[in-house]
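# Observations on chain architecture
Below are the chains, spelled out letter by letter.
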Amino acid sequence: MSINQNLEKLSNACGVTGRESEVKELMIRLMTPYADEIVVDRLDNVIAVKKGKQKALKIMLAAHMDEVGLMVKTITKEGFLQFAKMGGIDDRILPAQRVKVFSKKASFPGIIGSKPPHIQKEEERKKIIASDELFIDIGAENKDDALAMGVSVGDPVGFDVQYVELGKNVVVGKAFDNRAGCVTMIEALKLMENTDYTVCAVGTVQEEVGLRGAAGAAFGLDPDLAIALDVTIAGDVPGVREFDTSVKMGKGPALTISDSGLITHPKVLRWLLDSAEEEKIPFQIETGLMGSTDAARISLTRQGIPSGNISIPTRYIHSPVGMLNLKDIENSAKLTVAAIQRSSSYF
Ligand SMILES: [Zn+2]
């Protein structure tokens, strides 16, 4: 399947952090044709292994499967759902969103209730409503009705947004952070064909709440080096200063010099830069960003694992909708493969 088709499937699937099973099953299905072996570890990370020659380098790719979302915390006696945020979401973007509640029985739509402006007091209009004052309305008559619909405390709630193609190569959808990385990883496996190295392509869980799945996966695999495939902020929209980020959508994968959890090992950076330059793959450099990726956690595993990022520039991340250019995924996959093929010259 094409990059576009894979991204559509994965974007529309639910994978609120800690509840990644739908995405996990898709990843197993989509990576199986290109892997010698698929392993699901104890934390539910999915590992597609391409076996290389004995004693060859072992390279870990990591793309987190989870997405930011909500979780049902309490059901009020009137039948409204109060929720906890799972991952970093700005309270300001929550009111009036359409969401989907995933109960054991079925998934059903809801909306995050908001007060019409007519009945807001002057000071209310100026203030940000905190998420603990918001609620999800699923149209239930009362708590018993909500329970009869199948809702339970702990149910994941995702944004209800369908994937759309806009202009040339530009698409919009939910959870591009990090289904874009997942698609890049699948595409890299597809392009790789045979390699002397052992490649472990890992769909990780629970990245959005502290890079948790990657920790166990990296310890278990004990790779020689690692690349996290994730999205990064595209700042090419009004109101973002060049100083905050100069990364632009459609201008190629971003290579991180440093973020809040990782200073990319100089050898890793050189390896990725040379690979992009030699293969004439467009790329961008970013540094000093807040936030981090699985690479930060992997790099601290055991005695330390040299790690870096290849990131897909994405607008509006951690909101219900993101936007990206499919060419950036294609080039990120090409760069991943180009780097892997020349890894023994650097490590
Ligand atoms: Zn991410």
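Scroll up to find the structure this text is about.
Residues numbered from 1 in each chain as written. Predicted model: local features only at pLDDT ≥ 70, side-chain atom pairs only at ≥ 80, totals over all residues. Heavy atoms only, no water.

### Examining the overall build of the protein
On a plain count of helices and strands, the protein comes out with 9 helices and 17 strands. Its C-alpha atoms give the protein a radius of gyration of 21 Å, within 12% of the compact-globule value 20 Å for 347 residues. C-alpha atoms of the protein, sized along the principal axes, occupy 65 × 40 × 40 Å. Taking all 347 residues of the protein together, the buried fraction comes to 54%. In the protein, 76% of the contacts between residues at least 6 apart in sequence involve partners at least 24 apart. On the protein, roughly 15,600 Å² of surface is accessible, and the fraction owed to carbon and sulfur atoms is 52%. Across the protein, the 41 positively charged side chains and the 46 negatively charged ones have centroids separated by 1 Å. (Helix = DSSP H or I, 4+ residues; strand = E, 2+ residues; numbered from the N terminus. Rg over C-alpha atoms; globule rule 2.2 N^0.38 Å. Buried < 20%, exposed > 50% of the residue type's maximum accessible area, 1.4 Å probe, protein only. Contact = heavy atoms within 4.5 Å. Areas by Shrake-Rupley, 256 points an atom, 1.4 Å probe, with all protein chains shown as cover. Lys, Arg positive; Asp, Glu negative; His and termini not counted. Charge placed at Lys NZ, Arg CZ, Asp CG, Glu CD.)

### Some thoughts on the packing of aromatic side chains
Applying the stated criterion across every chain, the model contains 3 aromatic pairs. On the numbers, 5.1 Å between centres and 85° between planes, the contact of Trp271 with Phe347 is edge-to-face. With Trp271 in helix H7 (residues 266-278) and Phe347 in the segment after helix H9 (326-341), the pair connects residues that are 76 residues apart, well separated along the chain. Across from the ring centre of Phe219, 4.0 Å away, lies the NZ or CZ of Arg302, which sits over that ring. (Phe/Tyr/Trp six-rings, centres within 6.5 Å; stacked < 30°, edge-to-face > 60°. Lys NZ or Arg CZ within 6 Å of the ring centre and 35° of its normal.)

### Notes on unusual backbone geometry
Going from Asp177 to Asn178, the amide bond is cis rather than trans, its omega being 15°. Relative to the elements of secondary structure, Asn178 occurs in helix H5 (residues 176-192). For Arg302, which is not glycine, the phi torsion reads 50° and is therefore positive. With respect to the helices and strands, the residue Arg302 is situated in the loop between helix H8 (294-299) and strand S16 (307-314). The exposure class of Arg302 is partly exposed, given its relative accessible area of 39%.

### Things to note about the packing of helix H1 (residues 3-12) against H9
Axis angle and axis distance: for two packed helices, these are the angle between their axes and the distance between the axes, and together they describe the pair. Where H1 contacts H9, the axes come no closer than 10 Å and their chain directions differ by 105°. Judged by the inter-axis angle, H1 sits roughly perpendicular to H9. Contacts between H1 and H9 pair Ile3, Asn4 and Leu7 from the former with Leu326, Ile329 and Glu330 from the latter. A class-by-class count of the residues in the contact of H1 with H9 yields 4 nonpolar, 1 polar and 1 charged. (Axes fitted to C-alpha atoms, helices over the stretch in contact; angles between N-to-C directions. Parallel < 35°, antiparallel > 145°, perpendicular 65-115°, else oblique. Nonpolar A, V, L, I, M, F, W, Y, C, P; charged D, E, K, R; others polar.)

### Some thoughts on the packing of helix H2 (residues 21-31) against H5
At a minimum axis separation of 10 Å, H2 and H5 run at an interaxial angle of 20°. Considering the angle they form, H2 stands roughly parallel to H5. Regarding H2 and H5, the two cross each other, and that crossing is right-handed. Note on element contacts: H5 touches H2 through Arg179, Cys182, Met185, Ile186 and Leu189, opposite Val23, Met27, Leu30 and Met31. Class assignment for the residues of the contact of H2 with H5 results in 8 nonpolar, no polar and 1 charged. (Left-handed = near helix turned anticlockwise from the far one by under 90°.)

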